[in-house]
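If you want the building blocks of each chain, they are given just below.
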Amino acid sequence: MSRSTICLFDVDGTVTDPRQPIDPSVRLYLIDKLKKKSLIGLVSGSDISKIDEQLGGPEHTAQFDYVFSENGLVAFKNGTELKRQTIVDYLGEEKLQTFINFALNYMSKIQLPVKRGNFVEFRTGMINISPVGRSCSKIERDSFEEYDKIHNIRKKFIESIKENLPDIGLTYSIGGQISFDCFPIGWDKRFCLRYIEDEFKGNIHFFGDKTFVGGNDHEIFNDPRVIGHTVINPRDTIMQLNNLFNK
C-alpha cells in the first residue's frame, strides 16, 4: 500500500454513527495514521455543512484529501471546491415541481407514529425525502428506523414514485435512518469516481455500511473500478483498515 492508493469512506454508519459526531479517536486514526499510508476521502449524500458538522468542523473536513458531498456533485480537493452540478439545471423547474408536489401529496396520506418537520430537503444535486421529517429527535429517528424495518415505508414510497412518475429521470437510494435520496440517473456515489479514477486506477478502496441492493452505497461498492468493503459501524471500519494495511 502507498500514497498511490485512496480509501473512500461513506460517513453515516461508516466513520460516524448515524447523524452523530465522529468519535475523535476515529478521526485521529484516519488523519494521523491512515493518511500516511493512503490518500483518504469522504463520499456522502449529505451536503458539505452536514459533513462539517459530523466531522467536528470544516477544519477537520479539509484534512481529507478529497471530500465528495452530495455523491460528488459538490467536490472538494484539499479543502478547495473543484466543481458542482445542480439538479435544477438537469431537470428543469417544471419536472422538479411535479416531483416535489407528488412527494408532498403522498406524505400527506401516510399515517406514522410521529411526524415532524422538514420532509423535503432540497440539495445542490439531489432531493432528500424524509417521511417522518428531518426535524425529528434522536429517539424519534431511532423509532422510525425500527418502524420502517417492519412496514417498509421508504421502500413503498419509492415504488409509488416509480409507478406514478416513470419518466421523471430520477433514481432513488435509501440511506441513513429516516430518509431516501432522489437524484438523476447515474448521479449516485459513482459520480465521484470521475475525479479520481485515472490517478488511482485499480487502487480505489470504498468502505460503506449500506452496500445491499437499494442502499446508497450499493452502486459504488459494486463498481469494477472499486475494491468494496462492507462495514457495520466505525469500529468495524477501523478493524478492517488495520487488517488491510498491516498485513
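All figures in this text were calculated on a predicted structure; none of them were measured in a lab.

Draft legend 1. Layout of the pairing of strand β10 (residues 204-208). In terms of residue burial, β10 counts as a mostly covered element, since 5 of its 5 residues are buried. The alternating pattern of β10 places Ile204, Phe206 and Gly208 and His205 and Phe207 on opposite faces, both of which are buried. Here 4 bridges tie strand β1 (residues 6-9) to β10, and the two strands are oriented parallel to one another. Each residue of the ladder has a partner; that of Ile6, found in β10, is Ile204. Pairing of β10 with strand β11 (residues 227-230) involves 4 bridges; the strand directions are parallel. Following the sheet pairing, Phe207 is matched in β11 by His229.

Draft legend 2. The arrangement of the UniProt feature "binding site: alpha-D-mannose 1-phosphate" (unreviewed entry) in the protein chain in detail. According to UniProt, the positions carrying the feature "binding site: alpha-D-mannose 1-phosphate" (unreviewed entry) are Arg19, Arg123, Arg134, Arg141, Ser179 and Asp181. Assignment of secondary structure puts Arg19 in the loop between β1 and α1 (24-33). Once residues lying within four places of it in the same chain are set aside, the contact partners of Arg19 are Asp12, Lys50, Glu53, Gln54, Arg134 and Arg141. Topologically, Arg134 is positioned in the loop between β7 (127-129) and α6 (138-151). Of the polar contacts made by the side chain of Arg134, one reaches the side chain of Asn128; its length is 2.8 Å.

Draft legend 3. Region of interest: unusual backbone geometry. The backbone of Arg19 sits at a positive phi, close to 55°, despite the residue not being glycine. With relative accessibility at 16%, the residue Arg19 sits in the buried group. Phi at Asn118 is positive, roughly 65°, even though this residue is not glycine.

Rules behind the numbers
- Along every chain, residues carry numbers that run from 1 in the direction the sequence is written.
- In keeping with the model being predicted, local features are shown solely for residues with a pLDDT of at least 70 and side-chain atom pairs are shown and tallied solely at 80 or more, while totals for entire chains, interfaces and linings include all residues.
- Water and hydrogen atoms play no part in the side-chain values, which are based on all heavy atoms of the structure.
- When accessible area is computed with a 1.4 Å probe and restricted to protein chains, residues below 20% of their type maximum are described as buried, those above 50% as exposed, and intermediate ones as partly exposed.
- The numbering of helices and of strands both runs from the N terminus, where a helix is a DSSP run of H or I of at least 4 residues and a strand a run of E of at least 2.
- Paired strands, as defined in this entry, are two strands with at least two bridges between them according to DSSP.
- UniProt positions are given in the numbering used here, feature names are shortened, and annotations may be inferred rather than shown by experiment.
- Any two residues whose heavy atoms approach within 4.5 Å are treated as being in contact.
- Throughout this description, a polar contact denotes any pair of N or O atoms lying within 3.5 Å of each other; where both atoms belong to protein, one of them has to be capable of donating a hydrogen while the other can accept it, and for residues adjacent in sequence the pair is counted only when both atoms sit in side chains.

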